[in-house]
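Topology and contacts: notes
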Amino acid sequence: MDRRRFLALSSLPLTFARPAVPARAATAAQTGDARFEDIARLVREQMQAYRVPGVGLGLMVDGATTLRGFGVTSLDDPRPVTEDTLFTIASISKTMTATAVMKLVEARRVDLGAPLREYVREFRVLDEATSNEVSLWHCLTHTPGWEGQLTTEDRGAEALAHFAGSILPTLPQIAPLGRVWSYNNAGFALAGRVIETVSGKGIHDALRDLVFAPLGLTRTFTRLTDAMTYRYTLGHRDRGDAVEVIRPFQTTSSTTAGGVLTTIADIMRYARFHLGDGRTPEGAPYLSRENLALMQTPQFVKAATTDQMGVGWHVRTLGGERTFAHGGTLNGHCLLLQLVPSKRLAFCVFTNHVDGWRLVQDVEAAILKAYAGVALAPGQTIAHRGVN
């Protein structure tokens, strides 16, 4: 697609109404939030600067949620991005995996510190001591020490079982178990296999029953056969002066490392839960306050940085305020979900371009300054969070 058509499409009206708006969601015009309108202007400006076709923005402050879509799902078949448009959220999925594990902890069906072989008997890596000692805690904090930038083969319902039984046994130990933080997709795929064996369900049904359904995430999926029946975004990249759709469309068979698709409306419902007291939207007990707090409790310092790791959440302290976030990058999508509990603040920025991380960084900084009064300190060292 040439630049002139891209600019024409990206100038489409950027706020969309729908027949049924959630009771606690509102447009900025309804809330009278001038700060949000400033953020919206920044989004539009940076979409032009970085040639990002579509953006989803969600913001929750003191329990009030504002949702807005910008631009289009695809330059080849342009449909407006709305609060109900599906994005593949890549590694933000890892927080949902950790939430599922904590639900099993709550039910006393797993122990974060128990050897994984108690749940996946066939599990092993090349190092026998690690095979005997590694736990879910190591997987969810990126500290198992083996090669981590791996994905499962697409073997349908058997993908995670095959990965645990055939791929993991070939992995060498790069660092001592529990001694070094290093981003590890393989550990989250293995956590998915634990969820399967303990729940007795395939990972798609397990995540639906453990997380999506109880938390009211009605438009959150892991099967493309479900997602494709709704409006969803396609990833894009630059090619010379043109912006093109990335083909083929791909997600990952490492479902628990990055295979969830959701909307900004659902992700902000999810954020509301993680800022809450452990109850579902209907008020039913889901996680104890202690187990919910454990996910946001720093477990490990990322070497040579000021960042820390919680259980599934990346922890960063800005101006004395502790923030919790996870980003994602997959198939032309760059995304971020961030919580600032002390300010009762949560926000998401979803994009559908490989350079969307630039927009994400700019918008993140603007929101944190406007709503929390914090920023990165000069020279503050930071680490990878799925997107930086």
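Within each chain, residue numbers correspond to sequence positions counted from 1 in written order. Owing to the predicted nature of the model, reporting of local features is limited to residues with pLDDT of at least 70; listing and counting of side-chain atom pairs is limited to 80 or more, with chain, interface and lining totals taken over all residues. Heavy atoms from the whole structure form the basis of all side-chain values; hydrogens and water molecules are not counted.

Things to note about the pattern of salt bridges
What counts as a salt bridge is simple: a side-chain nitrogen of Lys or Arg found within 4 Å of a carboxyl oxygen of Asp or Glu. Evaluated as defined, the whole model comprises 21 salt bridges. For the salt bridge of Glu128 with Arg117, the shortest nitrogen-to-oxygen distance reads 3.1 Å. Residue Glu128 is found in helix 5 (residues 128-133), and its partner Arg117 is found in the loop between helix 4 (93-106) and helix 5; the two are separated by 11 residues along the sequence. Between Asp277 and Arg279 there is a salt bridge, and its shortest N-O distance comes to 4.0 Å. Among the residues examined, Arg279 registers a relative accessible area of 42% and is labelled partly exposed. In this text, helices come from DSSP runs of H or I with a minimum length of four residues, and strands from runs of E with a minimum of two, each type numbered from the N-terminal end. Using a 1.4 Å probe on the protein chains alone, a residue whose accessible area is under 20% of its type maximum counts as buried, one over 50% counts as exposed, and one in between counts as partly exposed.

Some details on the packing of helix 4 against helix 9 (residues 203-212)
The axes are straight lines fitted to the C-alpha atoms, using for helices just the contacting stretch, and the angles between their N-to-C directions are given from 0 to 180°. Between helix 4 and helix 9, the shortest axis-to-axis distance is 9 Å and the interhelical angle comes to 75°. Our classification of the angle between helix 4 and helix 9 gives roughly perpendicular. Where helix 4 approaches helix 9, its residues Met96, Thr99, Ala100, Lys103 and Leu104 are matched on the opposing element by Leu207, Leu210, Val211 and Phe212. The residue makeup of the contact of helix 4 with helix 9, split by class, is 7 nonpolar, 1 polar and 1 charged. Here roughly perpendicular refers to angles of 65 to 115 degrees, roughly parallel to angles under 35, roughly antiparallel to angles over 145, and oblique to all remaining angles. Note on definitions: a residue-residue contact is assigned when non-hydrogen atoms from the two residues lie within 4.5 Å. Here the term charged refers only to Asp, Glu, Lys and Arg, the term nonpolar to Ala, Val, Leu, Ile, Met, Phe, Trp, Tyr, Cys and Pro, and the term polar to all other amino acids, Gly among them.

Comments concerning the packing of aromatic side chains
In summary, the pairing rule links any two rings of Phe, Tyr or Trp, Trp by its six-membered ring, whose centres are within 6.5 Å, and it sorts them by plane angle into stacked for under 30 degrees, edge-to-face for over 60 and tilted for everything else. If you walk through the whole model with that rule in mind, you get 6 aromatic pairs. Here Phe221 and Tyr230 contribute two aromatic rings whose centre-to-centre distance is 5.4 Å and whose plane-to-plane angle is 15°, an arrangement assigned as stacked. Where Phe273 meets Tyr286, the ring centres are 5.2 Å apart and the plane angle is 90°; that geometry is what we call edge-to-face. One end of the pair, Phe273, is in helix 12 (residues 264-274); the other, Tyr286, is in the loop between helix 12 and helix 13 (289-295), with 13 residues separating them in the sequence. Note on accessibility: Phe273 and Tyr286 belong to one class, buried.

Some words on unusual backbone geometry
The residue after Arg247, namely Pro248, is reached through a cis peptide bond having omega 0°. Tracing the sequence through the fold places Pro248 in the loop between strand 6 (242-245) and helix 11 (255-258). For Arg344, which is not a glycine, the phi torsion comes out positive at approximately 50°. Among the structural elements, Arg344 can be located in the loop between strand 12 (333-340) and strand 13 (345-351). Looking at Arg344, the relative accessible area reads 36%, which means it is partly exposed.

Notes on the environment of Leu104
As for its placement among the helices and strands, Leu104 is situated in helix 4. Leu104 gets classed as buried once you look at its relative accessible area, which sits at 2%. The sequence separation of Leu104 and Val198 amounts to 94 residues, and the corresponding C-alpha distance is 8.3 Å. If sequence neighbours within four positions are ignored, Leu104 has contacts with Arg109, Val110, Ile195, Val198 and Leu210.

A look at the side chain of His353
With respect to the secondary-structure elements, His353 resides in the loop between strand 13 and helix 14 (356-372). Within polar-contact distance, the side chain of His353 engages the backbone nitrogen of Asp355 at 2.9 Å. The contacts of His353, once residues within four sequence positions are left out, are Tyr50, Arg51, Val52, Pro53, His236, Arg237, Asp238, Val243, Gly332 and Cys334. Pairing of N or O atoms within 3.5 Å defines a polar contact, subject to two protein rules: one partner must be a possible hydrogen donor and the other a possible acceptor, and residues neighboring in sequence count only if both atoms are side-chain atoms.

Some words on the nonpolar core
Residues Val110, Phe123, Trp146, Leu168, Ile267 and Phe350 are the most contacted members of the largest nonpolar core, which totals 73 residues. Residues grouped as a nonpolar core are buried Ala, Val, Leu, Ile, Met, Phe, Trp, Tyr and Cys residues, joined through side-chain atoms within 4.5 Å. Core analysis: the next-biggest nonpolar cluster, separate from the first, contains 27 residues, Leu42, Phe70, Val363 and Tyr371 among them.

Topic: helix 7 (residues 159-167)
Within the span of helix 7, buried status applies to Ala159, Leu160, Ala161, His162, Phe163 and Ala164. Along its buried surface, helix 7 packs onto helix 8 (185-199), helix 9 and helix 11.

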